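In case you want the letters, here they are:
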Amino acid sequence: MDFKDQVKLLSERVSKLKDNIHTEEATKNAIIMPFIQALGYDVFDPTEVVPEYICDIGTKKGEKIDYAIFKDGQPIILIECKHWKQKLDVHDGQLLRYFHVSHAKFGVLTNGLIFRFYTDLVEPNKMDEKPFLEFNIEDIREGQIEKLKDFHKNYFDPENIYTSAYELKTTSILRQLVQAELHDPTDEFVRYFAKQAHTSIVSPKVLEYYRPLIKRTFTSLINDTLNDRLKSAITIDEGDEGEKLSSVGEEQPLTTNIVTKEKEVVTTEEEMEAFYIVRSILRPHIESARITHRDALSYFAIFQDDNNRKPICRLYLNSPTKRCIGIFGDDKKETKIEIKTIDDIYEHGNELISTVSTYNQSK
């Protein structure tokens, strides 16, 4: 059973059992421990999972956190648990205090339903006030499962999680700002568009005239985009079987947000997660900033130095029936290899490293 199936099975388990869970301890046994196991850690191995981990806080000795997950003899993740009916907002300060005195760089606050993941993006060794990842296990989305996989024992890479966490946090902030503007546009937001559409001074009266127009315009734009995506899903060739193996020695347009008559390029969370996997594989051999990506209609391309003449790989992840990674040899000919999940990319790490090494040697 792969990780995604384990998480979905746990989700179903929580929904069935929660009404019979009446204490915090029962929440730990029925939900939290299976969650830790799904992440690949042995809850019965005290070198991996330590319950009631002691975190001395100043003059307070013997303060304990519910679980600490260890790697190489050091705590890497702290988990503070509450009963599933409890609200988490009143308990994040407790985790913050534990985080400050521990070597762990990641903290999890959970009641078994809601999981909040924290780190120290704002100030080193001080837990951020807001989580960079939050999900409801009963309604967890595919993209959130992919982010959660970063914490699995087999894939745990603090640097990779840090990079992903920063982008997640920034994206979350931008998403909230955009949602707020679309729901109730501020004067600055309305003025930005009104100044370009209105021929005279934008007075308060003009702002109020444009405010509902802008809301309707964005609503219409979003609806049209959704309709275009539905058309694309109906007309696209799912298998992309007819595409020939190609040479990328010639410059090819790979521009994000290309819109055709019925199809639109959309970069998915899974494609970005796959990009992070490729970057983590290659980080020991090349600076991460030199590993770039561009999206196309039928594939997601990853380059060195944002150069079409230095392709690292192509990812074909949008088909529900067949997924592939395109590997490039010395002759820059692409060979497609079928993969079941993006985790299979790790199996082709040597080929990716060899491709990058070829470019570096040819300087």
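Residues numbered from 1 in each chain as written. Predicted model: local features only at pLDDT ≥ 70, side-chain atom pairs only at ≥ 80, totals over all residues. Heavy atoms only, no water.

Colleague: Explain the sheet that holds strand S10 (residues 323–328) to me, using residue names and the numbers behind them.
Modeller: An order of S7-S8-S9-S10-S11 is seen for the 5 strands of this open sheet, with the pairing classed as antiparallel. A strand with exactly one partner marks an edge of an open sheet, and here the two such strands are strand S7 (291–295) and strand S11 (334–339). When strand polarity is set aside, the average angle formed by the axes of neighbouring strands in this sheet is 20°. Each of S7, strand S8 (300–304), strand S9 (311–316) and S10 is contacted by helix H8 (residues 269–282), which is oriented at about 155° to S7, the strand it contacts most. Packing against the sheet, helix H9 (residues 349–361) makes contact with S8, S9 and S10, and its axis sits at approximately 145° to S9. (Pairing = 2+ DSSP bridges. Helix = DSSP H or I, 4+ residues; strand = E, 2+ residues; numbered from the N terminus. Axes fitted to C-alpha atoms, helices over the stretch in contact; angles between N-to-C directions. Contact = heavy atoms within 4.5 Å.)

Colleague: Give a detailed account of the sheet that holds strand S3 (residues 74–81), specifying residues and quantitative values.
Modeller: Two orientations exist for strands paired in a sheet by backbone hydrogen bonds: parallel and antiparallel. Taken together, the 6 strands give an open sheet; going across it, the order is S1-S2-S3-S4-S5-S6, and neighbouring strands pair in mixed fashion. Of all the strands in the sheet, just strand S1 (49–54) and strand S6 (133–136) have a single pairing partner and so form its edges. On average, each strand axis in the sheet is inclined to that of its neighbour by 25°, with strand direction left out of account. As paired elements, strand S4 (residues 106–110) and strand S5 (residues 114–118) share 4 bridges and run antiparallel to each other.

Colleague: Could you give me a rundown of a nonpolar patch on the surface, with the residues and numbers involved?
Modeller: Taken together, the side chains of Ile-173, Leu-174 and Leu-177 make up a nonpolar region of the molecular surface, amounting to roughly 290 Å² of accessible area. The exposure class assigned to Ile-173 is partly exposed, which follows from its relative accessible area of 43%. (Patch = residues over 30% accessible without salt bridge, like charges linked within 9 Å, V, L, I, M, F, W, Y side chains within 5 Å. Areas by Shrake-Rupley, 256 points an atom, 1.4 Å probe, with all protein chains shown as cover. Salt bridge = Lys/Arg side-chain N within 4 Å of Asp/Glu carboxyl O. Buried < 20%, exposed > 50% of the residue type's maximum accessible area, 1.4 Å probe, protein only.)

Colleague: Mind laying out the packing of aromatic side chains, listing which residues take part and the relevant values?
Modeller: Counted under the stated rule, the structure contains 19 aromatic pairs. Plain terms: the ring middles of Phe-117 and Phe-151 are 4.8 Å apart, the flat faces sit at 45° to each other, and that makes the pair tilted. Separated by 34 residues along the polypeptide, Phe-117 in strand S5 and Phe-151 in the loop between helix H4 (142–148) and helix H5 (158–183) bring together distant segments of the chain. Classification of Phe-117 by relative accessible area gives buried; the value is 1%. Between the aromatic rings of Phe-189 and Phe-218, the centroid separation amounts to 5.7 Å while the plane-to-plane angle is 40°, which identifies the pairing as tilted. Separated by 29 residues along the polypeptide, Phe-189 in helix H6 (residues 187–197) and Phe-218 in helix H7 (residues 204–235) bring together distant segments of the chain. Pairwise contacts between aromatic rings join Phe-35, Phe-106, Phe-115, Phe-117, Phe-132, Phe-135, Phe-151, Phe-156 and Tyr-162 into one cluster. For Lys-336, the ring lying beneath its charged end belongs to Tyr-316, and the centroid distance is 4.2 Å. (Phe/Tyr/Trp six-rings, centres within 6.5 Å; stacked < 30°, edge-to-face > 60°. Lys NZ or Arg CZ within 6 Å of the ring centre and 35° of its normal.)

Colleague: How would you sum up the packing of H5 against H8? Please name residues and give values.
Modeller: Here H5 crosses H8 at 145°, and the two axes come no closer than 10 Å. For the crossing formed where H5 meets H8, the hand is right-handed. Contacts between H5 and H8 pair Asn-160, Thr-163, Ser-164 and Glu-167 from the former with Tyr-276, Arg-279 and Ser-280 from the latter. For the contact of H5 with H8, the residue count by class is 1 nonpolar, 4 polar and 2 charged. (Left-handed = near helix turned anticlockwise from the far one by under 90°. Nonpolar A, V, L, I, M, F, W, Y, C, P; charged D, E, K, R; others polar.)

Colleague: I'd like to hear about the nonpolar core, residue by residue, with values.
Modeller: Judged by nonpolar contacts, the single largest core of 38 residues is most densely connected at Ile-77 and Phe-117. Considering every element that reaches this core, the biggest residue donor is helix H2 (residues 24–38), with 6 residues. When residues no more than four places from it in sequence are discounted, the contact partners of Ile-77 are Tyr-41, Tyr-67, Ala-68, Ile-69, Ala-104, Phe-106, Val-108, Phe-151 and Phe-156. Ranked by size, the runner-up nonpolar core spans 24 residues in total, among them Phe-275, Val-278, Phe-300 and Ile-302. (Core = buried A, V, L, I, M, F, W, Y, C linked by side-chain atoms within 4.5 Å.)

Colleague: Before we move on, could you go through the side chain of Asn-308 and cite the residues and values that matter?
Modeller: Of note, Asn-308 is situated in the loop between S8 and S9. Its relative accessible area of 7% is what places Asn-308 among the buried residues. Within the local environment of Asn-308, its side chain forms a polar contact with the side chain of Arg-294, the two groups lying 3.1 Å apart. (Polar contact = N/O pair within 3.5 Å; in protein donor to acceptor, adjacent residues only side chain to side chain.)

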